[in-house]
Amino acid sequence: MKRILYCFVFLPMLLSAQINESDTLKLKANLSLTGFWQAGNVETLIFRAKSDLSVKPWKKWVFKTNNSYVYQEFGKEKADEDILSLNFLYFNPERKFYPLALGFISTNFRREIDVRYLFGAGVTYQVLNKDKNWLKFSITGEYEQTNFSETDFNISEYDGSKSINTLRGTIWVNGKYHLFKNKLILTHESYVQPSLEQSNNYRWRADLGLELPVWKFLNFKINYLHTFESIVIEGQKRQDKFLTLGFTLKSY
């Protein structure tokens, strides 16, 4: 299963920040590589890879896949290895309102999540789409299954369960802005995912990027990622924060 996941996530990376599915180009891709390394008395390695690929297989349809990989190592010992693949299918994304279907798959070494699946559908509202700047809101509903390697949780009512299933509702906010005559690019991707069945089961994620163009196909990037999970293995913290520096490679 892990080998399949690695192929599913890294192949789109080999083909290439954030892509607007409403763009008219039939193929768009990019790859961001950011991280942090320290050696000496303290040895630390943090690496993050993120890719976006957008394809127009038919006239009114757009398939978009957003994949990320996070790895952390302290004192040459692995502390984290996360895979997240977000996949969307849009119909008529040039319109103000348009429907979408989605499917996610992820793993998380530190949170001891063997695999998580999520499938659903919803609608997107395009608030702004002008001069390379855009802002979008989406509302979706999903079914989710999460398989853990441990059964002792911070919320006792879930103890003994290796698999937690639920229906979710998600609010998404995504945007990209070219500032100061394209000398600075600000991107943000965030969502809130409460369970529709369990009030104590919710999560949120905020991914912020600041890019400075170096060349037509290359940007310097500063990235901040903040995640929260309400249900975690006993003894773990609910929040994680990553600040990384690196570059974005683009095909457009």
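Just so we're clear, the structure is a prediction, and the values are computed from it rather than from any experiment. (Residues numbered from 1 in each chain as written. Predicted model: local features only at pLDDT ≥ 70, side-chain atom pairs only at ≥ 80, totals over all residues. Heavy atoms only, no water.)

Talk me through the packing of aromatic side chains; I want residue IDs and the actual numbers.
By the definition in use, this model includes 15 aromatic pairs. Relative to F91, the ring of W61 lies with its centre 4.8 Å away and its plane at 55°, an arrangement referred to as tilted. Highlighted residues: W61 in strand β3 (residues 61–74) and F91 in strand β4 (residues 77–91), separated in sequence by 30 residues. Residue F91 is classed as partly exposed on the basis of its relative accessible area, which comes to 29%. Considering the side-chain rings of F88 and W172, the 5.8 Å spacing of their centres and the 80° angle between planes classify their relative orientation as edge-to-face. Of the two residues, F88 is situated in strand β4 and W172 in strand β8 (residues 163–179); the sequence distance between them amounts to 84 residues. One exposure class covers both F88 and W172, and it is buried. (Phe/Tyr/Trp six-rings, centres within 6.5 Å; stacked < 30°, edge-to-face > 60°. Helix = DSSP H or I, 4+ residues; strand = E, 2+ residues; numbered from the N terminus. Buried < 20%, exposed > 50% of the residue type's maximum accessible area, 1.4 Å probe, protein only.)

Residues and numbers for the environment of D152, please.
By the secondary structure assignment, D152 is in the loop between β7 (133–148) and β8. Since its relative accessible area comes to 42%, D152 is described here as partly exposed. In this structure, the C-alpha to C-alpha distance between D152 and I233, residues 81 residues apart in sequence, is 5.9 Å. The residues contacting D152, other than those within four sequence positions of it, are D159, I233 and E234. (Contact = heavy atoms within 4.5 Å.)

Go over the environment of N219 with me, naming the residues and quoting the values.
Locating N219 in the fold gives a position in strand β11 (residues 218–229). Excluding residues within four positions of it along the chain, N219 makes contact with I185, E211, L212, P213, V214, G246, F247, T248 and K250. Separated by 2.7 Å, the side chains of N219 and E211 make a polar contact. (Polar contact = N/O pair within 3.5 Å; in protein donor to acceptor, adjacent residues only side chain to side chain.)

Give me the pairing of β8: which residues, what numbers.
The side chains of a regular strand alternate, residue by residue, between the two faces of the sheet. Pairing of β7 with β8, which is carried by 14 bridges, proceeds in the antiparallel orientation. By the bridge assignment for β8, W134 is matched with K176. As paired strands, β8 and strand β9 (residues 184–194) are joined by nine bridges and run antiparallel to one another. Paired with H178 across the bridge in β9 is I185. (Pairing = 2+ DSSP bridges.)

For the environment of V127, give the residues involved together with the corresponding values.
The residue V127 is located in strand β6 (residues 113–130) in this model. Put simply, V127 and F137 are 10 residues apart on the chain and 7.3 Å apart in space, counted from C-alpha to C-alpha. Among all residues touching V127, those that are not within four sequence positions of it are K96, L135 and F137.

For unusual backbone geometry, give the residues involved together with the corresponding values.
At E112, a position not held by glycine, the phi torsion is positive, near 60°. Along the chain, E112 falls in the loop between β5 (97–108) and β6. On the basis of relative accessibility, which here comes to 23%, the residue E112 falls in the partly exposed class.

Residues and numbers for the sheet that holds β3, please.
Working definition: the strands of a sheet are paired by backbone hydrogen bonds and lie parallel or antiparallel to each other. Spatially, β1-β2-β3-β4-β5-β6-β7-β8-β9-β10-β11-β12 is the arrangement adopted by the 12 strands of the closed barrel, whose pairing is antiparallel. Neighbour-to-neighbour, the strand axes of the sheet open up by a mean angle of 20°, direction not taken into account. Bridge count between strand β1 (residues 27–38) and strand β12 (residues 239–250): six bridges; the pairing is antiparallel. Among the inter-strand pairings, L31 is bridged to a residue of β12, identified as L249. (Axes fitted to C-alpha atoms, helices over the stretch in contact; angles between N-to-C directions.)

Describe a nonpolar patch on the surface, listing the residues and the values that go with them.
Together, F97, V123, Y125, V127, L128, F137, I139, I171 and V192 give the surface a local cluster of nonpolar side chains, amounting to about 780 Å² of exposed area. If you list the elements that add at least two residues to the nonpolar patch, you get β6 and β7. When residues in the nonpolar patch are grouped by element, the largest group, four residues, is from β6. Among the secondary structure elements, V123 is positioned in strand β6. Since its relative accessible area comes to 38%, V123 is described here as partly exposed. (Patch = residues over 30% accessible without salt bridge, like charges linked within 9 Å, V, L, I, M, F, W, Y side chains within 5 Å. Areas by Shrake-Rupley, 256 points an atom, 1.4 Å probe, with all protein chains shown as cover. Salt bridge = Lys/Arg side-chain N within 4 Å of Asp/Glu carboxyl O.)

Shape descriptors only; they carry no functional weight alone.
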